[in-house]
Amino acid sequence: GTFGTRADPSPIAVGGMAILIWIVVWAVSVAVQVVFSALTAALTVFLVATMFHKPKAKKGMDETESLPTRLRRQRARTLALEKELARLIEMIIRDFIEYWYTGVSSSQDFTNHLRWLLEQVVYLLMSRVLRVDWSSHLLNKIIPNISEMLSIYTSAIT
């Protein structure tokens, strides 16, 4: 065909679509930033609480627990964390996506897909975080780095 034989979209339609795409990209980026910030805070609190927490021995129990008991306790903590992260995802969808998206469309496909995507991100982060030996990481990486930074700082101010 030759140029101009087909009706070109109006500048208003193109501009409206560009604005809609920008809004969606902005909302997704805000949601991702909020998720990562909240995940970082939640995982930090969880890791610090579990890293230094030693459960009290109950009366009549010896200090050593069997492996199945320890695994059940770990799974219970993991389930509690998963429940809180699912609640966090729902709040993010509600507060940062649905409040403006309901005015754009009545379809729930976008929000459902975004919810699924955020759940996948959370699952991958949790699986990676739970694989790390945090006590070893703290002793071998974090504390030496903090010590080195402090020595550099003290040598710089003197």
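What counts and how
- Residues numbered from 1 in each chain as written.
- Predicted model: local features only at pLDDT ≥ 70, side-chain atom pairs only at ≥ 80, totals over all residues.
- Heavy atoms only, no water.
- Phe/Tyr/Trp six-rings, centres within 6.5 Å; stacked < 30°, edge-to-face > 60°.
- Buried < 20%, exposed > 50% of the residue type's maximum accessible area, 1.4 Å probe, protein only.
- Salt bridge = Lys/Arg side-chain N within 4 Å of Asp/Glu carboxyl O.
- Helix = DSSP H or I, 4+ residues; strand = E, 2+ residues; numbered from the N terminus.
- Expected span 1.5 Å × (residues − 1).
- Bend = angle between axes of the 7 residues up to and from the residue.
- Contact = heavy atoms within 4.5 Å.
- Polar contact = N/O pair within 3.5 Å; in protein donor to acceptor, adjacent residues only side chain to side chain.
- Axes fitted to C-alpha atoms, helices over the stretch in contact; angles between N-to-C directions.
- Left-handed = near helix turned anticlockwise from the far one by under 90°.
- Nonpolar A, V, L, I, M, F, W, Y, C, P; charged D, E, K, R; others polar.

Another point: the packing of aromatic side chains. Enumeration over the complete set of coordinates arrives at three aromatic pairs. With centroids separated by 5.8 Å and ring planes inclined at 90°, the aromatic side chains of Trp100 and Tyr101 adopt a geometry described as edge-to-face. By relative accessible area, which is 13% here, Trp100 ends up buried. Aromatic ring contacts, followed pair by pair, group Trp100, Tyr101 and Phe110 into a single cluster.

The next point concerns the pattern of salt bridges. Here the structure, examined in full by the defined rule, presents four salt bridges. The residue Glu84 makes a salt bridge to Arg87 at a minimum N-O spacing of 3.3 Å. Here Arg87 and Glu84 lie together in helix H2 (residues 67-101), a separation of three residues that amounts to about one turn. Accessibility expressed as a relative area gives 40% for Glu84, which makes it partly exposed. By relative accessible area, which is 48% here, Arg87 ends up partly exposed. Where Asp95 meets Arg94, a salt bridge forms, and the shortest distance between an N and an O atom there is 2.8 Å. Owing to a relative accessible area of 37%, Asp95 belongs among the partly exposed residues under this scheme. Here the salt bridges share partners, and the residues they tie into one network are Glu90, Glu98 and Arg115.

Moving on, we get to helix H3 (residues 109-131). End to end, H3 covers 33 Å across 23 residues, agreeing with the expected 33 Å (1.5 Å per residue, within 8%). Those residues of H3 that fall on the buried side of the exposure criterion are Thr111, Leu114, Arg115, Leu118, Val122, Met126 and Val129.

This part covers helix H4 (residues 134-157). The first and last C-alpha atoms of H4 sit 32 Å apart over 24 residues, in line with the 34 Å expected at 1.5 Å per residue. Its maximal kink placed at Ile142, H4 deviates by approximately 30°, while the proline Pro144 follows within four residues.

Here Thr111 shows up in helix H3. In contact with Thr111, not counting residues within four places along its chain, are Ile93, Ile97, Glu98 and Tyr101.

To continue, consider the side chain of Arg115. Inspection of the secondary structure assignment puts Arg115 in helix H3. Engagement of the side chain of Arg115 in a polar contact is seen with the side chain of Glu90, the distance being 2.6 Å. Ignoring any residue separated from it by four or fewer positions in sequence, one finds Arg115 in contact with Ile89, Glu90, Ile93 and Glu98.

Where H2 contacts H3, the two axes come as close as 10 Å, and the packing angle between them is 145°. The two elements H2 and H3 cross, and the hand of that crossing is right-handed. Tallied by class, the residues present in the contact of H2 with H3 amount to 14 nonpolar, three polar and five charged.

No statement about biological role is implied by the geometric values presented.
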